[in-house]
Amino acid sequence: MAAPRTARIALPGGEHTLREPVTWSRPAGPAVSRVVYAAAHVVADPLGDNTPGSPAAVDWDATLRFRHHLWSYGLRVADAMDTAQRNMGLDWTATRELIRRSAAEAKAFGDPAELVACGAGTDQAPHARTLDEIVAAYTEQIETVRDAGAGVIVMASRRLAAIARGPEDYHRVYGELLSGVDRPVILHWLGEMFDPNLAGYWGSRDVTEATASFLSLIRDHAAKVDGVKVSLLDAEHEIGLRAALPEGVRLYTGDDFNYPSLIASGSHALLGIFDAIAPAAAAALEALDAGDLRRYDEIMEPTVPLSRKIFEAPTYNYKTGIVLLAWLNGHQDAFSMVNGAQAARSLPHLAEVFRLADRAGLLADPELAVSRMRSLLAVNGL
């Protein structure tokens, strides 16, 4: 189905005229100049009990189809991360199953250890009281990921942030974990705008002091660190940190506000927004590989207003916009989320996401998108 150029929809804030759809070609393979992960969302079972506080009910078929979609555009998948609603509804039982299924599904495209990396945290031990208990919780999840055959992303721990007395406690926990892994892992620094419970991570609320602690840890264990994923939404800080990393340790930008310039200037990427903009991101990365920065910027530039809208404060509710676009583009049958999180953004916010996605050429089938957006408006009395 293709909508004519004059397709229109009445949205909160005014009528919108849709552009002609963009046909994004799939690249011949993954990017060669950058290592790029799309942090992928999970698809909730619309008939399951996904009310707040209930165990996650996941539509596994749709969830895995979406990972096929990302792999088909040459992107690696970062799974079981905050984009998948870790610590916001996706419990450890469902997370463990997601890790197993995602790694198994990656075998259709290649080596799971290269194509999918999964988050390992401590959320199955929300009442851990000691550093030893935190190490044990982390170790269980790291072993789950490795047993599945996937790469490991060591996520930030709410419990460690709650009980750590200073940088030395972080160094003890991470030092034990890194000493025990059999291959390099990605370390994740998630800022408090994504999770307020992580304020003061690495032992200080002062970013300069926290960075010094983080770098000291990485230098002590550089052979066990593939890279660091930084989500602080501070481009200047990221560039400085990138320059200070030991040789061979990658900086994976998690900056969903400034990613085009950061990637162009040398950062690799592990981004939630790539879930929503995969076709455009793949085309832009192909242009970057070819040295065509003009084309790279031309593709990426329209995606930035979309990303900044999706990730606006409160930033941790960005998953709602990600899932809206997956539904509008036909990747899932319902606009429903684990923990009822589809209600976390207002209708005017979602309408603006629709507008900006269209302007970026990211509504694959405008007729379907218009039909679904109208149904959402109608059920809300518009």
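Overview of the structure. (Residues numbered from 1 in each chain as written. Predicted model: local features only at pLDDT ≥ 70, side-chain atom pairs only at ≥ 80, totals over all residues. Heavy atoms only, no water.)

Quick look at the pattern of salt bridges
This model, assessed by the stated rule, comprises 17 salt bridges. For Arg100, the salt bridge is made with Glu97, and the minimal N-O distance between the two is 2.7 Å. With a gap of three residues between them, Arg100 and Glu97 both fall in helix H2 (residues 92-106), about one helical turn apart. Taking relative accessible area as the criterion, Arg100 reaches 47% and is therefore assigned partly exposed. Each of Arg76, Glu114 and Arg183 takes part in a single network of salt bridges with overlapping partners. (Salt bridge = Lys/Arg side-chain N within 4 Å of Asp/Glu carboxyl O. Helix = DSSP H or I, 4+ residues; strand = E, 2+ residues; numbered from the N terminus. Buried < 20%, exposed > 50% of the residue type's maximum accessible area, 1.4 Å probe, protein only.)

Quick notes on the sheet that holds strand E4 (residues 76-79)
Strand order in the closed barrel formed by eight strands is E3-E4-E5-E6-E7-E8-E9-E10, and the pairing between neighbours is parallel. Across the sheet, the mean angle from the axis of one strand to that of its neighbour is 25 degrees, orientation sign disregarded. Relative to strand E6 (residues 151-154), strand E5 (residues 116-120) runs parallel, the two sharing four bridges. Bridging from a neighbouring strand, Cys118 pairs with Val152 of E6. Relative to strand E9 (residues 250-253), helix H8 (residues 235-244) is tilted by about 160 degrees, and along the sheet it contacts strand E7 (185-190), strand E8 (225-231) and E9. (Pairing = 2+ DSSP bridges. Axes fitted to C-alpha atoms, helices over the stretch in contact; angles between N-to-C directions. Contact = heavy atoms within 4.5 Å.)

Focus: the environment of Glu143
Considering the arrangement of structural elements, one finds Glu143 in helix H4 (residues 131-148). Taking the C-alpha atoms as reference points, Glu143 and Asp79, 64 residues apart in sequence, are found 15 Å from one another.

Here we look at unusual backbone geometry
With an omega of -5 degrees, the peptide bond between Ala313 and Pro314 qualifies as cis. Topologically, Pro314 is positioned in the loop between helix H13 (303-310) and helix H14 (318-328). For Gln85, which is not glycine, the phi dihedral falls at a positive 70 degrees. With phi around 65 degrees, Asn87 is a residue other than glycine that occupies positive phi space.

Thoughts on the environment of Arg219
By the element assignment, Arg219 lies in helix H7 (residues 207-220). For the pair Arg219 and Asp292, spaced 73 residues apart in sequence, the C-alpha separation works out to 35 Å. Other than its neighbours up to four places away in sequence, Arg219 contacts Ala244 and Pro246. At 3.4 Å, the side chain of Arg219 and the backbone oxygen of Ala244 are in polar contact. (Polar contact = N/O pair within 3.5 Å; in protein donor to acceptor, adjacent residues only side chain to side chain.)

With respect to the pairing of E7
Remark: a regular strand shows side chains that alternate across the two faces of the sheet. With respect to burial, E7 is a largely interior element, six of its six residues being buried. Burial along E7 is two-sided: Val185, Leu187 and Trp189 facing one way and Ile186, His188 and Leu190 facing the other are all buried. Inspection of the sheet shows E6 paired to E7 by two bridges, in the parallel sense. The partner of Ile153 across the bridge, within E7, is Ile186. Where E7 and E8 come together, six bridges link them in parallel fashion. Paired with Val185 across the two strands is Val225, which belongs to E8. Handedness of the β-α-β unit built from E7, H7 and E8 comes out right-handed. (Right-handed = clockwise from strand over helix to strand, strands pointing away.)

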